[in-house]
Amino acid sequence: MADFYTDQAEGLRRLMGGLSFQVVAFGQGEEKLGQSTVIANVALHLARLGRNVLIVDEHNNEGISHYFGKPNTRVLQSLTTHVRLLRVEGNFIQTPDFKRLLNINPPIDTILIDGATAHVSFWMLRADSVIVLVNANAQSVSNAYQMIKVLAENKMQSLHLFVNLVKNAKQAHFAFEKLSQTLLKREIAHLYFAGFLPFDAQIKNSAHTGKPFLKHYPQSSCAQIFYNLAENIQNMDEGRYAHLAQFLESVSH
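Calculation rules
Residues numbered from 1 in each chain as written. Predicted model: local features only at pLDDT ≥ 70, side-chain atom pairs only at ≥ 80, totals over all residues. Heavy atoms only, no water. Helix = DSSP H or I, 4+ residues; strand = E, 2+ residues; numbered from the N terminus. Rg over C-alpha atoms; globule rule 2.2 N^0.38 Å. Buried < 20%, exposed > 50% of the residue type's maximum accessible area, 1.4 Å probe, protein only. Contact = heavy atoms within 4.5 Å. Areas by Shrake-Rupley, 256 points an atom, 1.4 Å probe, with all protein chains shown as cover. Lys, Arg positive; Asp, Glu negative; His and termini not counted. Charge placed at Lys NZ, Arg CZ, Asp CG, Glu CD. Salt bridge = Lys/Arg side-chain N within 4 Å of Asp/Glu carboxyl O. Phe/Tyr/Trp six-rings, centres within 6.5 Å; stacked < 30°, edge-to-face > 60°. Pairing = 2+ DSSP bridges. Axes fitted to C-alpha atoms, helices over the stretch in contact; angles between N-to-C directions. Right-handed = clockwise from strand over helix to strand, strands pointing away. Polar contact = N/O pair within 3.5 Å; in protein donor to acceptor, adjacent residues only side chain to side chain.

Observations concerning the overall build of the chain
Per the secondary structure count, the chain includes 9 helices and 8 strands. Relative to its length of 253 residues, the chain is compact, with a C-alpha radius of gyration of 17 Å against a globular reference of 18 Å. With the C-alpha coordinates of the chain rotated into their principal frame, the extents come out at 45 × 40 × 35 Å. With 253 residues in all, the chain has 53% of them scored as buried. Nonlocal contacts in the chain, meaning residues at least 24 apart in sequence, comprise 77% of its contacts between residues at least 6 apart. If you sum the accessible surface of the chain, you get close to 12000 Å²; carbon and sulfur atoms cover 51% of it. Once the 23 positive and 21 negative side-chain charges of the chain are each reduced to a mean point, those two points are 3 Å apart.

Observations concerning the pattern of salt bridges
This structure, assessed with the given rule, holds 5 salt bridges. As a salt-bridge pair, D97 and R100 come within 2.9 Å of each other at their nearest N and O atoms. One end of the pair is D97 and the other is R100, both in helix α3 (residues 95–102) and 3 residues apart, which spans about a single turn. D97 sits in the buried class, given a relative accessible area of 2%. Taking relative accessible area as the criterion, R100 reaches 44% and is therefore assigned partly exposed.

Notes on the packing of aromatic side chains
If you walk through the whole model with that rule in mind, you get 7 aromatic pairs. On the basis of an interplanar angle of 90° and a centroid distance of 5.4 Å, the ring pair of F122 and W123 is categorised as edge-to-face. As far as the burial class goes, F122 and W123 line up, both buried. The interplanar angle of 45° and the centroid separation of 6.4 Å between the aromatic rings of W123 and F247 together place this pair among those described as tilted. Within this pair, whereas W123 is found in the loop between β5 (110–114) and β6 (129–134), its partner F247 is found in helix α9 (residues 244–251), the two being separated by 124 residues in sequence. Per residue, the accessibility class of W123 equals that of F247, and both read buried.

Let's talk about the sheet that holds β6
Spatial strand order, β3-β4-β2-β5-β1-β6-β7-β8: 8 strands in an open sheet with mixed pairing. Two strands in the sheet have a free side with no partner beyond their single neighbour: β3 (77–80) and β8 (191–198). Sheet twist, expressed as the average angle between the axes of neighbouring strands with direction ignored, equals 25°. Pairing of strand β2 (residues 53–57) with β5, which is carried by 5 bridges, proceeds in the parallel orientation.

With respect to the side chain of S206
Tracing the backbone through its elements, the reader meets S206 in helix α6 (residues 201–206). If we skip the residues at most four places from it in the chain, S206 touches K211, F213 and H216.

Brief notes about the pairing of strand β7 (residues 159–166)
In terms of burial, β7 is largely enclosed, as 7 of its 8 residues are buried. One crossover worth recording links β6 to the parallel β7 by way of helix α4 (residues 138–153), and it is right-handed. Relative to β8, β7 runs parallel, the two being bridged by 7 bridges. Looking at the pairing, N164 lines up with L197 of β8.

Thoughts on the pairing of β2
Of all 5 residues making up β2, 5 are buried, and the element is well covered by its neighbours. For β2 and strand β4 (residues 83–87), the ladder comprises 5 bridges, and the chain directions are parallel. Across the sheet, residue I55 finds its bridge partner in β4, namely L85.

Details of the environment of R100
As a C-alpha pair, R100 and L76 span 24 residues in sequence and 8.0 Å in three-dimensional space. Polar contacts involving the side chain of R100 include one to the side chain of D97, which spans 2.9 Å.

The analysis is restricted to geometry; functional conclusions fall outside its scope.
Written out as structure tokens, the structure is:
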């Protein structure tokens, strides 16, 4: 069944003449920081805002598809209204998927990259912006520092930190300030704060239901955090690509 809110947003987008093309990557320095959970829920809300979203998934596990009750497959698939998923291995998109992507109507205008864990990948370097996930422990902050340093060395300027699985706002802001100030003092990068999400058992439990958290608890405080992150992504500056074909051309070389 079509999502009423998504269809309404799509109608408004057509009326207003479309949106800019964006590529945003998510990265994490270690496993189990909730990256796929964040992306699944952000993608759902972006679609409701009128975006036509493609998630590029670099992981080999169930990953994002199980949040939507879909099988783990290597072919381009639709997860829900205006959200599609493509799993990739290395730097390669299969030719049939390449052609299908170009024929999607309305065209893809937002790409979310579910980046490989613990290193900066080919796909992350093709993004306009990168959101690095971290929690409050020292090792996680150190891993994030190394990832951001590599991104900065590769001329990535739009770098954001999202602090996940923390106890409260104070803990989240402490982790951000510690990392941000270190990066500035060493003249490595300027880091933007993308928000934080406290640990919530409902989010963890919803991952096994075949529906994103936002479908179960749309009025919760944690849902509002996903809404805010999606809206912030939509409002990020325009990137280097004018449209999907230009992005695909950049990854095919």
